[in-house]
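Residue-level structural notes
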Amino acid sequence: MTTNISFSLNGDEISYEVKDHWTLLHLLREEMGMIGTKEGCGNGECGACTVIVDKLAINSCLYLAIEVDGKTIETIEGLASTDGILHPLQKSFVENGGIQCGFCSPGMIMSSKALLDENPSANHEEIKHALAGNICRCTGYVQIFESVEAVKNMGGQNE
Amino acid sequence: MKQFKYLSPTTVEEAISYYGQHSETAKFVAGGTDVIVKLKEGWMEPDYLISLKKIEEMGELHKNDATKELSIGATVTHATLEKSLMIQNEYPIIYDAVSNIGSLQVRNVGTIGGNLINAVPSADGAIPLIALDGVALLQGPDGERSADVKNLFIEPYKTILKPGEILKKITIPPQAPHTGSAYTKFGRRAAMELPLIGIGVLLTLADDLETCTKARICLGVAAPTPMRAFDSEKFLVGKKITEETLIEAGNIAADESQVRDSIRGKAWHRKEMIRVYIKRMGLKCISIIKHNS
Amino acid sequence: MSNNKSQFSAVGKRIPKLDAAQKAMGRAEYIQDIKLPEMLYGRILYSKFANANIVKIDTSKAIALPGVHAVLTGEDVPEKMKMGFIKDNPPLKKGRVSCFRDEVAAVAAISPEIAKKALDLIEIEYEELEGIFDPEKAMEKDSPLVHEHLKSNVLKMPWNIHYGDVEKAEKESAFVVEDRFTTTWVTHCCLGTSGAVALFDASENLTIYTNTQIPSLAQKDFLEALKSMGLENKRVRVIKPIIGGGFGSKLDTYAYEHIAILLAHKCRKPVKIVFDRAEEFKATSTRQPTVIYIKQGCDKTGKLTFRDMRMVLDNGGHTSWGATTPSVMLMPISSLYTVENVKYNAKCVYTNNTYSQAMRGYGNPQATFAIESSMDILAEKAGINRIEFRKINKNHSGDETPQGLKITTCGLAECIEAVEKELKFDGKNEKGIGTGIASLIHVGGGARIYGSDGCGAMLKMDDYGKVDIFTGGTDMGQGLDNITAQIVAEELGLLVEDINVVHSDTDICPWDVGAHASRSTFVAGNAALGAAKKVKKKIQAFASKLFDVPADQVELKGKLVLVPGDPEKSMAIGKLLRKAHFSAGGTMLMAEHFYDPDNQNMGKELKGNMSMTYSFGAHGAKVKVDEETGKIEVLEYVAAHDVGRAINPLLLEGQVYGGVVMGLGYALSEEVVHKNGENMNANFRDYKLFTAKDAVKIKAPIIETDDKDGPFGAKGIGEPGCVPTAPAIANAIYDAVGVRIFDLPITPEKVLAALKEKKSATTKI
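Thresholds applied
- For every chain, the first residue of the written sequence is number 1, and numbering continues from 1 along that sequence.
- As they are written, the chains are lettered A onward and the ligands numbered 1 onward, keeping that order.
- It should be noted that, the model being predicted, local features are given only for residues of pLDDT at least 70 and side-chain atom pairs only at 80 or more, the latter also being counted only at that level, while totals for whole chains, interfaces and linings use all residues.
- Hydrogens are left out, water is left out, and the side-chain values use all remaining heavy atoms of the structure.
- Note on conventions: DSSP H or I runs of at least 4 residues are helices, E runs of at least 2 residues are strands, and numbering of each starts at the N terminus.
- Categorising residues by exposure relies on relative accessible area from a 1.4 Å probe, with only protein chains included: less than 20% of the type maximum marks a residue as buried, more than 50% marks it as exposed, and the intermediate range marks it as partly exposed.
- Contacts are assigned to residue pairs with any non-hydrogen atoms lying within 4.5 Å of each other.
- Here, Shrake-Rupley sampling with a 1.4 Å probe gives the accessible areas, and only protein chains in the shown set may cover a residue.
- A residue counts as positive if it is Lys or Arg and as negative if it is Asp or Glu; His and the chain ends are not included.
- Every charge is mapped to an atom, namely NZ of Lys, CZ of Arg, CG of Asp or CD of Glu.
- Throughout, buried area stands for the accessible area (probe radius 1.4 Å) lost by two parts on being put together, summed over both.
- When a carboxyl oxygen of Asp or Glu is within 4 Å of a side-chain nitrogen of Lys or Arg, the pair counts as a salt bridge.
- We call two N or O atoms a polar contact when they sit within 3.5 Å, provided that within protein one can donate a hydrogen and the other can accept it, with sequence-adjacent residues counted only if both atoms are side-chain atoms.
- We call Asp, Glu, Lys and Arg charged. Ala, Val, Leu, Ile, Met, Phe, Trp, Tyr, Cys and Pro are nonpolar, and the rest, Gly among them, are polar.
- When DSSP finds two or more bridges between two strands, those strands count as paired.
- Throughout, an axis means a line fitted to C-alpha atoms (over the contacting stretch in the case of helices), and angles, computed between N-to-C directions, take values from 0 to 180 degrees.
- The split into domains, and so the bounds of each, comes from an automatic or database assignment of domains.

With that settled, consider the overall build of chain A. A tally of helices and strands in chain A yields five helices and five strands. Sequence-ordered secondary structure for chain A, helices as α and strands as β, is β-β-α-β-β-β-α-α-α-α. Considering only C-alpha atoms, chain A reaches an extent of 45 × 30 × 25 Å along its principal axes. For chain A, buried positions account for 66% of its 159 residues. Here the analysis covers contacts within chain A between residues at least 6 apart in sequence; of these, 55% occur between residues at least 24 apart. Taken as a whole, chain A presents about 5,300 Å² of accessible surface, with 47% of it coming from carbon and sulfur. Put simply, chain A has 10 plus and 22 minus side-chain charges, and the middle of one group is 5 Å from the middle of the other.

Here it is in structure tokens:
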């Protein structure tokens, strides 16, 4: 019950033999050692496991690994540029207090990226709507919104 | 979760044939947001998972310009419906419902068909389709058949689908002019909410823009399956729609409902919300109609 | 002590959290991410009943499952291995279970899946007994006993005080109000779930990775655990990974840690236990629920005359920190506002419900809900404006309260004014809109609840002006690392980037009693400051010889050691440090400091100044009530706090915003729903904490009273943000629509029911 799949992961072309029943989260964390994506609930109810598949933010705990065949995946590990410079969203979350314990942060940042990639001038309501599936217990969301708004005002981020 | 073999047919016939080969050891899956939870919990332990994602005809969202019929493929995601300007403008009740299911992450993957088949009492996806007189097209080993969406549900988590049958698409008949529709759900917080009650209202007015010629009052979590408040609808037809008539319609619908106490809320509160929101959604329908005229 | 903020180079600056970049890149290692060679996975089996005898446990099938290395039951736990401050709670239960979350068996296996399967193969025969779920009923004389060896369900606790003469004061009062309030179970919902990895070396010394807020006390508990296992004289090393949320949930040592230790010892391999989300909800402790009876009175002028409070606390199946929350509740009861005559009695009663421990505020949110709601009720009865009423009774600098709390700096008046500035309290709001205010007092200068309130710090400087500071403190995302670095940088004239804060390992770090009671800034901060001051003296002494000036003329600023006004006498700090030790008779630059605040344990009648200073605050809420649905919309929220000095305003605001939103969830939507002792909403869908879409606009004015005992004047802020939210909301709802809700959470259903009752009462007239 294994299948060979190929996909793009943070710009790298990957070939992998996956077991059919693996979730994408399991593939990333347990098989590929990419611990940046977190498991907060396993049920699609907290967003800590959010990654981007073909430009859409999804809960990797509820996504079968086998279904990323032929797709493009972005995880938190792929955001910083190859010369180590933080992505504007990462930098903004750091500078604006958007990160406290940090457990929700990878998922929160990926949801924010998916939003701003599609809608660089998202307004406050649209930001709230897009992040509604990412739970944070530490920040009260205020500085998270400020972090996203600050990048928005930089005029998008696909540099 | 238990290991399974993942199959990825590209046509409905192929999918049905896979099921024929493996019968109860196989389960269909669309988006996966419901199925994977069940697999993890052990409520489902199939040897084969037949994905419907690669079947093109099931993923199409299309309005026929000539017949004005809307066709929604069963594997169209909630997010696709949410982002469609056509849906937002012409079928606001669908937009209202799907844009608040779960979270954006869930909506990007979860499908309208999967939501229907899951047959949860909250039925965010079902209510608008029932209000629009949607018809489900099914295909199985015995061939094709259709059923009104309102008749799809037998009891919580059980539909009329026979083993091996697939929900292919939902068609919405052409909507009459001067039609407005709206949906809301009531819960304790603003998102990620399984509702206390879901209310969908569709009203068609006559050319005088006052008299109701058609009414659909659909309730979720008000009965074991999504229900239409038929008496309430009958009451409204032929009447001038005002706040008073809507309040009365709400009272009738509340009486028709079969709300219960649960950990999410009490029956009396749900009845109150039926009254309040039928009025509010009804008024929203009227303002949509007036705005479009 | 400097009052001019612009004189500071690091203190008062909005410096991003030191580990935020690591976290933003996904490189921070949490307990979930720890993988060690040969590691096994442990899982715990919980009771199927609230109250039952364990008749028989058959683990044979589980043991036989390939991949399983160990299966343990209560029989395998040493007799003396007990948790809880009265040591009544073994990590695996034997003979009897007293609540659903009781642990009855555990396994270790080569994969999480096999461990889960093994649990299903354990066969347990229970004899179900009738459960007791209402603490007020469980108090009654003829109630069945939760623990049959005890004579009563009521704990013997010292929560019975009387300051002054409450009966006399009541007789002399012009106005008296009496009400009953209840608060229910809520839970921390840390995004990172609980977990530990335990391993023994060849000499049976223990290393345990665990999310703990009390590394030193945990070390002590685990040493006792080892002793009970017959392992005497061993080393215990506690290592903290990055912690995914605390809020008080890591203030003890837990069954899962003890079980990991037992399994690791049995298997002689590392064993990792990490909770899944359902387990996190069901098997971690909640905030202490309360039933509160409160009576308050005032004279004609509005001066409070007495406060009489009585509480019944559901102690659950086992005794834990929840039973000590009255010690903290006494603080607002005796000292929020000035009131001379105070009576307080709290009964902790065993039931077959879950048991509670520490959660942000540790009793203060519960007590303040009752007190501040009652203040509004009393103000109305006395015909006095509710803001005025609070001003009449406000605390002052220099007060000593009936409990013996010595109020030093007190910004309560300024906090109330800050709320008044933002929101109107003139009763002239639109229909359905109202405003409410509620204040808080909390410990701000440590809290002497144990024999020690101390924290140690060790500071080492290298040849280049870089500092390593080893602190006993704990960062769990709130920013203790930043505070420490900023304080040290300020004192030594360095940049924050020059400071490396190490707090993760008991082998390296000095002792601390724990990250509780909002004490980290004050106590760990003072410890770090003390060490920095000592090193500064050494540098000044060396520079004094070098520059030939008195030591006190030497300043450290901008990475330089210099004599102000004399440009010749200036040297880069790195150069000076190299000169200091790279010569004959050289010295190293290191220092240590143990800071134990000059506060007092509670003595007779629970009197004593338990903190060196107190934090004050006032919150204001503006709400809109939908009178048809009962839904509450928070339009505006102001949370003003007297923090002494804001060492880092960016992180401080983060603590306030986070505390307020947690507090709003407490007020409006959160509850653990229990049915006959069973947790019915162990998931994020049905446990209603605030999502991003529920988020509220919050203003957080900072009041700085520059406390002489705090490091650079600072007091604590970790908890105050969540303390007065519920009464602020309840008071605002009353202002809006004239109904008061006495039971948390204030759900739309309760509001609607109250509105209907009010309407039918008025129509009857």
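The next subject is the interface of chain A and chain B. Opposite the 30 residues of chain A that make contact, chain B presents 28 residues. A combined buried area of about 2,400 Å² lies between chain A and chain B, and 58% of that area is made up of carbon and sulfur atoms. The largest per-residue losses of area from chain A upon contact with chain B belong to His21, Leu62 and His129 of chain A, which jointly make up 25% of the total buried on that side. Between chain A and chain B we count three salt bridges in total.

Moving on to the interface of chain A and chain C. Listed by partner, the interface residues are 40 residues for chain A and 50 residues for chain C. Both faces considered, chain A and chain C share a buried interface measuring about 3,700 Å² in area, 60% of it formed by carbon and sulfur atoms. In this structure, the connection of chain A to chain C is made through five salt bridges. Between chain A and chain C we count 21 residue pairs in polar contact (both at pLDDT 80 or more) in total. Listed by contribution, the elements that provide at least two residues to the side of chain A that touches chain C are helix 1 (24-31), helix 2 (88-95), helix 3 (105-118), helix 4 (124-131) and helix 5 (142-152) of chain A. Across the side of chain A that touches chain C, the residue classes tally to 21 nonpolar, eleven polar and eight charged.

All names here are of chain B. Within the open sheet, the five strands sit side by side as 4-5-10-6-7. Their pairing is antiparallel. The outermost strands of the open sheet, each flanked by one partner alone, are strand 4 (61-63) and strand 7 (143-148). Strand after strand, the sheet turns through a mean of 20° between neighbouring axes, direction not considered. Bridge count for strand 4 against strand 5 (residues 70-73) is three bridges, and the pairing is antiparallel. Counterpart to His62 in the pairing with strand 5 is Ser71.

Residues and elements named next belong to chain B. Looking at the secondary structure, you find Leu70 in strand 5. Between the C-alpha atoms of Leu70 and Ile87, which are 17 residues apart in sequence, the distance is 9.7 Å. For Leu70, the contacting residues outside a window of four places in its chain are Leu61, His62, Lys63, Met86, Ile87, Tyr91, Ile94, Ile170, Thr171 and Ile172.

With that settled, the discussion passes to the domain arrangement of chain A. Residues and elements named next belong to chain A. Domain boundaries in chain A define domain 1 (2-78) and domain 2 (88-153). Taken over C-alpha atoms, the centre of domain 1 sits 21 Å from the centre of domain 2. Counting residues at the interface gives 15 residues for domain 1, matched by 13 residues for domain 2. Across the domain 1 to domain 2 interface the summed buried area is about 1,100 Å²; carbon plus sulfur atoms make up 64%. It is Thr50, Ile52 and Ile76 that lose the most area in domain 1 upon contact with domain 2, and together they represent 39% of the buried surface on that side. For the pair domain 1 and domain 2, the interface holds one salt bridge. Residue Glu74 pairs with Lys113 through a salt bridge whose shortest N-O separation is 2.6 Å. In this structure, the connection of domain 1 to domain 2 is made through four residue pairs in polar contact (both at pLDDT 80 or more).

All names here are of chain C. For the bond running from Leu744 to Pro745, omega is -10°, close enough to zero to count as cis. Mapped onto the secondary structure, Pro745 falls in the loop between helix 17 (725-737) and helix 18 (748-764). We note that Glu38 has phi near 65°; this positive angle belongs to a residue other than glycine. Tracing the backbone through its elements, the reader meets Glu38 in the loop between helix 1 (20-24) and strand 1 (40-46).

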